[in-house]
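So the chains spell out like this:
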Amino acid sequence: MMRPSINLWCFSVMAFAIAGCHDSSGPGDGGTTLPPGLTLTVNPFISSGLSSPVFLTQPLNDGRIFVVEQAGRIRVIRNGALQATPFLDISSRVLSGGERGMLSVAFHPQYATNHFFYVYFTTQSNGDIRIERFTTTTNPEVADPASTKLIITTAHSLQSNHNGGLVSFGPDGMLYAGLGDGGGAGDPYANGQNYNALLGSLLRLDVDHGDPYAIPADNPFVGQTNRKGEIWAKGLRNPWRYAFDPPTGLLYIADVGQNLHEEVDVEPANDGGLNYGWNVMEGGSCYNATTCTQTNLEVPLIDYGHISRACSITGGYVYRGSAIPGIRGHYFYSDYCSGFLRSFRYSNGAVVDEKDWGLTMSAVTSFGVDAAGEMYIMSGDNILKLAQGS
């Protein structure tokens, strides 16, 4: 089962962040104020048959929901029923346990015609991070494990934690990936502020050009000495789920903290090159120093401490479904240890409508959304679906 980022020799917790301190209330649907008296609940969606689910998604124009199991399988839910045959099983190639494993899948925007999907996992041989492309066979219910094509990899063998883990397509059609700082406590390998390292970064790749990808010309560090052109944003400790909100163009990043702070940051549309501060900062505070230079570093909009059992943020999504119109435009998140459900709305560069919904769940590892924008929560070996309360 996915565990929070607690090191063996210190209580260090994994953090998910894309922080921004800009006014990015761009065009689109910014949501509305919460209606008085609205309550939420979570209903069982899949309560048996899954083992350590860590991600859920649904391609457009596809009636199936896909769930990633940490051990290295992708399972299919059709009409609310979990199918017995895995869509993909590469468990023999995946090192799973703690924060390692198969951690997410992203279906290409043209999946219906090109049948490409991308998997983020840690390798069985040494725990290195790999993103590979697979292709569906002539039988659309089963993918071909032998169709693998390596997209990108980076070494991660020295520590088991801070693997990041989310690969997804942005509204711009580019493939993004959030990588942790390489593990250990306090960024011992200094990847957070090393622009020549892929670790500690959010990457942006063009997988429709080049082989296996092209670096987009508008990436912020293209052609700069000792800076990887693949990097879109820097200064991340362990981004445990980020989420694009296409109507506004905003990018929400939850970054797991060290000992004291968990954070959520909001990045304006198309604003590459931002630095979210780790390990100069943890949350909005200096890390391991009484003073620090925060110039050119982004300050998170949400910074909560390790109280009431909170220990490791789990980032979610902005709700864009139709079943609960009162929460449209509100971003949801949880915490692995405390299991709360909280939300806020981003308006004119500020957090408004902050809400703790009074729900407690067990071991919240991830959120998911279906093609209709409805939201799901992975809790232990179960999947819950967000619903309006009575």
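Analysis parameters
Residues numbered from 1 in each chain as written. Predicted model: local features only at pLDDT ≥ 70, side-chain atom pairs only at ≥ 80, totals over all residues. Heavy atoms only, no water. Core = buried A, V, L, I, M, F, W, Y, C linked by side-chain atoms within 4.5 Å. Buried < 20%, exposed > 50% of the residue type's maximum accessible area, 1.4 Å probe, protein only. pLDDT = per-residue confidence, 0-100. Contact = heavy atoms within 4.5 Å. Pairing = 2+ DSSP bridges. Helix = DSSP H or I, 4+ residues; strand = E, 2+ residues; numbered from the N terminus. Axes fitted to C-alpha atoms, helices over the stretch in contact; angles between N-to-C directions. Phe/Tyr/Trp six-rings, centres within 6.5 Å; stacked < 30°, edge-to-face > 60°.

As a further point, take the nonpolar core. Membership of the largest hydrophobic core comes to 53 residues, with the highest contact counts inside it found for Ile74, Phe87, Leu88, Phe117, Ile327 and Phe332. Core analysis: the second largest hydrophobic core is formed by 39 residues, Leu199, Leu205, Ile231 and Val266 among them.

Model confidence for the protein chain is summarised by a mean pLDDT of 92, while 93% of its residues fall at 70 or above. Predicted confidence for residues 1–27 stays below pLDDT 50, and this span has 152 contacts to residues more than four positions away or in other chains.

A separate point is the sheet that holds strand 25 (residues 350–360). One open sheet accounts for four strands, arranged 22-23-24-25; its pairing is antiparallel. Bordering the open sheet on either side are strand 22 (313–318) and strand 25, each of which pairs with just one other strand. Ignoring strand direction, the axes of neighbouring strands in this sheet form an average angle of 20 degrees. Direction of pairing for strand 23 (residues 330–335) relative to strand 24 (residues 340–347): antiparallel, over a ladder of four bridges. Looking at the pairing, Phe332 lines up with Ser343 of strand 24.

Our focus in this paragraph is the sheet that holds strand 12 (residues 166–169). Strand pairing in a sheet relies on backbone hydrogen bonds. The paired strands run either parallel or antiparallel. Taken together, the four strands give an open sheet; going across it, the order is 12-13-14-15, and neighbouring strands pair in antiparallel fashion. The outermost strands of the open sheet, each flanked by one partner alone, are strand 12 and strand 15 (231–234). Adjacent strand axes in the sheet meet at a mean angle of 15 degrees, parallel and antiparallel pairs treated alike.

The next point concerns the pairing of strand 4 (residues 64–69). Summarising burial for strand 4: six of the six residues are buried, a large majority. Side-chain alternation along strand 4 places Arg64, Phe66 and Val68 on one buried face and Ile65, Val67 and Glu69 on a second face that is also buried. Pairing between strand 3 (residues 53–57) and strand 4: four bridges, direction antiparallel. Counterpart to Pro53 in the pairing with strand 4 is Glu69. Connecting the antiparallel pair strand 3 and strand 4 is a turn made up of six residues, with Asn61 showing a positive phi of about 60 degrees. Alignment of strand 4 against strand 5 (residues 73–78), held across six bridges, turns out to be antiparallel. Paired with Ile65 across the two strands is Ile77, which belongs to strand 5. Two successive antiparallel strands, strand 4 and strand 5, enclose a turn made up of three residues, where Gly72 displays a positive phi of approximately 125 degrees.

Further remarks concern the packing of aromatic side chains. Scanning the entire structure with this criterion turns up 23 aromatic pairs. Note on Phe87 and Phe117: the rings are 5.1 Å apart at their centroids and 45 degrees apart in plane angle, and the pair reads as tilted. A residue pair is termed long-range when its members are at least 10 positions apart, and Phe87 in the loop between strand 6 (81–82) and strand 7 (88–89) and Phe117 in strand 9 (residues 116–122) qualify at 30 residues. One aromatic cluster in this structure is built from Phe66, Phe87, Phe107, Tyr111, Phe117 and Phe134.

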